[in-house]
Amino acid sequence: MSDSPRDQLARQLAEAVAEALRVDLTHQDQALLVVSGGSTPVTFFAALAACELPWERIQITLADERWVAEDAEDSNARLVRTHLLQGPAAAATFVPLTTADATPEQGAAAVAERIAGLAWPASVVILGMGGDGHTASLFPDSRELPLALATEAPAVAVRTPSQPQPRITLSAARLHQARRHVLHITGGDKRAVLARALTGDDVRELPIRAFLACPLAIYWAP
């Protein structure tokens with residue numbers, strides 16, 4: 001494995017997440033890990049899959065998902081299955097966010113029920129962030145953003161002009177239900193967006209701000 005700063009960061013994050021899961025499993029039967037999709041977590045997924053853990057006692061779900069087939073190229077579920085649920089880690093219980101319904105609006109209730117049955121509070125929620133300040137599928141230009149920020153429902157169907165596919169996202173309230181929150185980002189542009197987010201409080205402008213008030217461990221590499 002090359003030792004770029006991003007690879008080092010991914011390994012450090014994997015070790016921290018594995019330790020958090022081990023700690024929580026000393027006093028509960030199951031532990032829940034919520035991960036994000038995109039290209040940034042791939043190295044982290046591989047590093048975490050290599051960790052020694054009682055994987056059969058670990059539940060994994062996603063912060064958000066595109067409403068596409070699970071084997072679609074841009075499916076977050078496919079990303080998790082390909083890079084994280086490998087070797088011993090394949091024994092983990094993975095809970096996807098999609099159904100066979102044609103739209104996320106039709107599937108949202110079933111997904112919410114599925115999500116509500118997991119071992120909350122999550123041990124760790126790992127968030128990513130886009131250049132527009134979105135996290136999960138809480139997009140600044142989405143008409144469902146106010147709902148996703150305010151509702152107590154576990155999951156919300158989302159459509160946003162900047163994204164080609166409809167999506168489903170865990171609500172901000174559900175994402176807050178975690179013992180630990182991590183923001184995993186790379187690159188100078190994301191660092192600049194985060195710096196801007198830290199200087200204001202308008203969540204609708206930069207939705208990542210919804211999580212800056214809770215203790216948030218920031219894992220960043222150039």
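Treat the numbers as computed from the prediction; the structure is a model and nothing was measured. (Residues numbered from 1 in each chain as written. Predicted model: local features only at pLDDT ≥ 70, side-chain atom pairs only at ≥ 80, totals over all residues. Heavy atoms only, no water.)

Enquirer: Could you give an account of the UniProt feature "domain: Glucosamine/galactosamine-6-phosphate isomerase" (unreviewed entry) in the protein chain, naming the residues involved and the relevant values?
Expert: As recorded in UniProt, the feature "domain: Glucosamine/galactosamine-6-phosphate isomerase" (unreviewed entry) lies at residues 6-212. Overall, residues 6-212 shows 34% helix and 16% strand. The separation of its end C-alpha atoms is 22 Å. (UniProt positions renumbered as here; feature names shortened; annotations may be inferred. Helix = DSSP H or I, 4+ residues; strand = E, 2+ residues; numbered from the N terminus.)

Enquirer: Account for the sheet that holds strand 1 (residues 31-35), naming residues and giving values.
Expert: Read from one edge of the open sheet, six strands run 4-2-1-5-8-9, paired in parallel fashion. Only two strands of the sheet have a single neighbouring strand rather than two, namely strand 4 (93-95) and strand 9 (216-221). Strand-to-strand twist of the sheet, defined as the mean angle between neighbouring strand axes without regard to direction, takes the value 20°. Relative to strand 9, helix 1 (residues 5-25) is tilted by about 155°, and along the sheet it contacts strand 1, strand 2 (58-62), strand 5 (124-127), strand 8 (181-186) and strand 9. Contacting strand 8 and strand 9, helix 7 (residues 188-198) runs over the sheet at an angle of about 135° to strand 8. (Pairing = 2+ DSSP bridges. Axes fitted to C-alpha atoms, helices over the stretch in contact; angles between N-to-C directions. Contact = heavy atoms within 4.5 Å.)

Enquirer: Explain the layout of surface pockets residue by residue, including any values.
Expert: For the largest pocket, the calculated volume is near 360 Å³. Together, 21 residues line the largest pocket, and Gly-37, Gly-38, Gly-128, Met-129 and His-134 are the ones closest to its centre. Mapped by element, the contributors of at least two residues to the lining of the largest pocket are strand 3 (64-66), strand 5 and strand 8. Of the residues in the lining of the largest pocket, the class split is six nonpolar, eleven polar and four charged. (1 Å grid on protein atoms, 1.4 Å probe; cavity = no way out; pocket = protein on both sides within 12 Å on 5 of 7 lines; lining within 4 Å. Points joined across faces, edges and corners; volume = space filled by probe spheres on them. Nonpolar A, V, L, I, M, F, W, Y, C, P; charged D, E, K, R; others polar.)

Enquirer: Tell me about the sheet that holds strand 7 (residues 167-170), and name the residues and values.
Expert: Judged by pairing direction, the sheet is antiparallel, and its three strands sit side by side in the order 3-7-6 without closing on themselves. Two strands bound the open sheet, and with one partner strand each, they are strand 3 and strand 6 (155-158). Strand-to-strand twist across the sheet, computed as the mean angle between neighbouring axes with direction ignored, equals 15°. Here strand 3 pairs with strand 7 via three bridges, running antiparallel. Bridge pairing in strand 7 links Glu-65 to Ile-168. Across the sheet, helix 4 (residues 104-116) touches strand 6 and strand 7, and the angle it forms with strand 7 is around 30°.

Enquirer: Give a detailed account of the side chain of Thr-98, specifying residues and quantitative values.
Expert: Along the chain, Thr-98 turns up in the loop between strand 4 and helix 4. Judged by its relative accessible area of 9%, Thr-98 is buried. With sequence-adjacent residues up to four places away left out, Thr-98 is seen in contact with Glu-65, Arg-66, Trp-67, Val-68, Glu-70, Val-111 and Arg-114. (Buried < 20%, exposed > 50% of the residue type's maximum accessible area, 1.4 Å probe, protein only.)

Enquirer: Explain the environment of Ser-142 residue by residue, including any values.
Expert: Locating Ser-142 in the fold gives a position in the loop between strand 5 and helix 5 (145-150). A relative accessible area of 7% means that Ser-142 is categorised as buried. With 18 residues separating them in the primary sequence, Ser-142 and Thr-160 have C-alpha atoms 4.4 Å apart. For Ser-142, the contacting residues outside a window of four places in its chain are Val-158, Arg-159 and Thr-160. At 3.1 Å, the side chain of Ser-142 forms a polar contact with the backbone nitrogen of Glu-144. (Polar contact = N/O pair within 3.5 Å; in protein donor to acceptor, adjacent residues only side chain to side chain.)

Enquirer: Tell me about the pattern of salt bridges, and please be specific about residues and values.
Expert: All chains considered together, the criterion is met by eleven salt bridges. Of the charged contacts, one joins Asp-64 and Arg-167 as a salt bridge, the two residues approaching to 3.4 Å between their closest N and O atoms. Here Asp-64, found in strand 3, pairs with Arg-167, found in strand 7; they are 103 residues apart in sequence, far enough to count as distant. A salt bridge links Glu-144 to Arg-143, with the shortest nitrogen-to-oxygen separation between them at 3.2 Å. The network of salt bridges with shared partners includes Asp-24, Arg-179 and Arg-180. (Salt bridge = Lys/Arg side-chain N within 4 Å of Asp/Glu carboxyl O.)

Enquirer: So, the pairing of strand 5: which residues are in play, and what are the values?
Expert: Side chains on a regular strand alternate between the two faces of the sheet. What you see with strand 5 is no split at all: Val-124 and Ile-126 on one side and Val-125 and Leu-127 on the other are buried throughout. Bridge count between strand 1 and strand 5: two bridges; the pairing is parallel. Bridge pairing in strand 5 places Leu-33 opposite Val-124. As defined by bridge partners, strand 5 adjoins strand 8 across three bridges and the pair is classed as parallel. Across the sheet, the residue bridging to Ile-126 is Val-182, located in strand 8.

Enquirer: Give me helix 1: which residues, what numbers.
Expert: Under the 1.5 Å per step criterion, the end-to-end length of helix 1 is 30 Å for 21 residues, consistent within 8% with the ideal 30 Å. Taken together, the buried residues of helix 1 touch strand 1, helix 2 (42-49), strand 2, strand 5, strand 8 and strand 9. (Expected span 1.5 Å × (residues − 1).)

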